[in-house]
Amino acid sequence: MHHRSPDQSLPGTSRRSLLRGAGGAALLAGAGIPLLSACGGSSTAADPKTVTLGSNSSDAVPKKAFAEIYTAFTKASGITVDVNTKDHNTFQEQINSYLQGTPDDVFTWFAGYRMQFFAAKGLATPIDDVWQKISGNFPEAMQKLSKGEDGKYYFVPLYTYPWAVFYRKSVFEQYGYEVPTTWDDFTTLCKRMQKDKLVPIAFGDKDAWPAMGTFDQINFRTNGYDFHVELMAGKASWTDPKVRKVFDHWTEILPYHQEGAVGRTWQDAAQTLVSKKAGMYLLGTFVGQQFTDKADLDDLDFFAFPEIDPEYGQDTVEAPTDGFMLSKDSKNHAGAVKLLEFLGTPQAEEIYLKSDPNVVAASTKADTSAYTPLQKKSYDMISGAKSLTQFMDRDSRPDFTSTVMQPALQNFVRNPKNVDGILSSIERQKKTIFASS
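Remember, predicted model here, so these are calculated numbers, not experimental data.

Draft legend 1. Highlighting the overall build of the protein. Summing up its helical and strand segments, the protein has 18 helices and twelve strands in all. Across the 437 residues that make up the protein, the buried fraction comes to 60%. If you sum the accessible surface of the protein, you get close to 16400 Å²; carbon and sulfur atoms cover 51% of it.

As structure tokens, this is what we get:
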């Protein structure tokens, strides 16, 4: 969720969500961090009873949830899953080198542009055969999200989750706050929280992806889904007055964000919401992983990012989708296909959701009767959306978001007055990157 993750990532995925790019591989290797390809699970000859799997689920909650799925698969098939887990951000940064080296048979990744990028580069294997078995488990929107630009399937989705503004019900009750639905209501609420000695908006951008989520929300609320997609695809200009308007809105609420954000992780920022020192927090629902006390978690709620332009209302929802892909030269192809077919079952999703109730199933066949109120609300928010986005670094080129957007947004958070210089620099670099293949 990566964001990341997100995840993912993540984005977060955390996941998430949370999705890094390929640009930092050489840098990280130079820093003495072993490249993923050096420790992939596929250096040995293929064992027909073992499938290797590269995973970015390094956070405790998703790591345990995935382990339980693989155990169930082994029980059903007799095939062992040899998991190669890497720190979430390291995985994102090194994915390009990893996939070009000796990758594992199957790897965790994200729907949308992120998946299409590697499919187009020939670094993943089409899995239309898997989808012949599993397509009935997924709604059309999920099927669409799982295809490459060539119309072939490359991805098996497991779960999805929305980004929204989180708050604690008891804090809103204590101070008499109401959920804001418009920008004016939102800024007025921020001012009130500040007067009440709360941090209005918890914020941590040390890992450089959370700020992307803020940009996305303000952009599609200000300029609509179509412009957002064009901008992410490199077709619209970052010096367009529409983009400047996004940063003007952001500048207006930046003083209400937690100070020192660039030095704080998202998990540390979440703790200020847990401890009731902050009033709100824009993040994916994986924020719930940080609420380890049940009473605190039961007190957690969220609302859609407020409307900025009535023309677009609140009709776009950012809902990153995490799942699995098949690498280009899997050593145990037959075993990998069996694993992917299992991962596309409602049973696999239900196992995952038991351990990680912060996300919702991608499949319409999964049993939702045990969903928490937050999961039900997430499901309604996603299914009721007119348009779904994946997250900036899943909706755009990974090399662009990693090498250009992450440092640019951190620069903006530190120096909002420098916005024109930042946007000119982004546009210059974007032209170079998107002009390359």
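Draft legend 2. Representation of the packing of helix α10 (residues 241–253) against helix α17 (residues 398–414) within the structure. Here α10 crosses α17 at 45°, and the two axes come no closer than 11 Å. Taken as axis vectors, α10 and α17 run oblique relative to one another. For the pair α10 and α17, the sense of crossing is right-handed. Along the contact surface, α10 presents Phe247, Trp250 and Thr251, while α17 presents Leu409, Phe412 and Val413. Partitioned by chemical class, the residues of the contact of α10 with α17 number five nonpolar, one polar and no charged.

Draft legend 3. Structural detail: the environment of Met280. Within the fold, Met280 resides in strand β7 (residues 278–284). Along the chain, Met280 and Val165 lie 115 residues apart, while their C-alpha atoms are 6.3 Å from each other.

Draft legend 4. The arrangement of empty space enclosed by the protein in detail. What the largest cavity holds in volume is close to 100 Å³. Forming the boundary of the largest cavity are 13 residues, of which Ile201, Thr214, His257, Tyr281 and Leu282 lie nearest the centre. Among the elements that make up the lining of the largest cavity, the one with the highest residue count is β7 (three residues). Class assignment of the residues belonging to the lining of the largest cavity gives a composition of eleven nonpolar, two polar and no charged.

Draft legend 5. Just the pairing of strand β8 (residues 300–303), in detail. Because side chains alternate across β8, one face comprises the buried residues Leu300 and Phe302, and the other comprises Asp301 and Phe303, equally buried. With four bridges joining them, strand β5 (residues 163–168) and β8 adopt antiparallel strand pairing. Following the sheet pairing, Arg168 is matched in β8 by Leu300.

Draft legend 6. Region of the structure containing the layout of surface pockets. Estimated volume of the largest pocket: approximately 830 Å³. Looking at the largest pocket, it is lined by 31 residues, and the ones nearest its centre are Ala141, Leu145, Tyr225, Leu388 and Gln390. Elements represented by at least two residues in the lining of the largest pocket include exactly α4 (113–120), α6 (140–145), α9 (210–232), β11 (360–361), α15 (373–383) and β12 (387–389). Among the residues forming the lining of the largest pocket, the class breakdown is 16 nonpolar, nine polar and six charged.

Draft legend 7. α10, seen in detail. End to end, α10 covers 19 Å across 13 residues, agreeing with the expected 18 Å (1.5 Å per residue, within 8%). Every buried residue of α10 is listed here: Val243, Val246, Phe247, His249, Trp250 and Ile253. Around the axis of α10, the buried residues are gathered within 155° of arc, so they sit on the same side.

Draft legend 8. Structural context of the pattern of salt bridges. All chains considered together, the criterion is met by 13 salt bridges. Here Asp420 and Arg244 are joined by a salt bridge, their closest N and O atoms 2.7 Å apart. Of this pair, Asp420 sits in helix α18 (residues 419–435) while Arg244 sits in helix α10, and the two are 176 residues apart along the sequence. Residue Asp420 is classed as partly exposed on the basis of its relative accessible area of 47%. The class for Arg244 is partly exposed, based on a relative accessible area of 29%. Via salt bridges that share partners, Arg168, Asp296 and Asp299 belong to a single interconnected network.

Draft legend 9. Representation of the sheet that holds strand β10 (residues 321–326). Read from one edge of the open sheet, six strands run β2-β1-β3-β10-β4-β11, paired in mixed fashion. Whereas interior strands pair on both sides, the edge strands pair on one side only; in this sheet they are β2 (80–85) and β11. The pairing of strand β4 (residues 156–160) with β10 spans four bridges and is classified as antiparallel. From the neighbouring strand, Pro157 faces β10, where its bridge partner is Gly323. Along the sheet, helix α2 (residues 60–77) makes contact with β1 (50–55), β2, β4 and β10, crossing β2 at roughly 160°.

Draft legend 10. Quick peek at the confidence of the model for the protein. For the protein, the mean per-residue pLDDT works out to 87, and 89% of the residues sit at or above 70. A low-confidence stretch, residues 1–44 (pLDDT under 50), is modelled with 278 contacts involving residues beyond four sequence positions or located in other chains.

Draft legend 11. Fine view of the sheet that holds strand β6 (residues 199–202). Spatially, β6-β7-β5-β8 is the arrangement adopted by the four strands of the open sheet, whose pairing is mixed. On the outer flanks of this sheet lie β6 and β8, each paired with one strand and no other. Here the strands of the sheet are splayed against their neighbours by 30° on average, with no regard to which way each runs. Here β5 pairs with β7 via four bridges, running antiparallel. When the sheet's bridge partners are listed, Ala164 is paired in β7 with Leu283.

What counts, and where the lines are drawn
Residues numbered from 1 in each chain as written. Predicted model: local features only at pLDDT ≥ 70, side-chain atom pairs only at ≥ 80, totals over all residues. Heavy atoms only, no water. Helix = DSSP H or I, 4+ residues; strand = E, 2+ residues; numbered from the N terminus. Buried < 20%, exposed > 50% of the residue type's maximum accessible area, 1.4 Å probe, protein only. Areas by Shrake-Rupley, 256 points an atom, 1.4 Å probe, with all protein chains shown as cover. Axes fitted to C-alpha atoms, helices over the stretch in contact; angles between N-to-C directions. Parallel < 35°, antiparallel > 145°, perpendicular 65-115°, else oblique. Left-handed = near helix turned anticlockwise from the far one by under 90°. Contact = heavy atoms within 4.5 Å. Nonpolar A, V, L, I, M, F, W, Y, C, P; charged D, E, K, R; others polar. 1 Å grid on protein atoms, 1.4 Å probe; cavity = no way out; pocket = protein on both sides within 12 Å on 5 of 7 lines; lining within 4 Å. Points joined across faces, edges and corners; volume = space filled by probe spheres on them. Pairing = 2+ DSSP bridges. Expected span 1.5 Å × (residues − 1). Arc of directions from axis to C-beta. Salt bridge = Lys/Arg side-chain N within 4 Å of Asp/Glu carboxyl O. pLDDT = per-residue confidence, 0-100.

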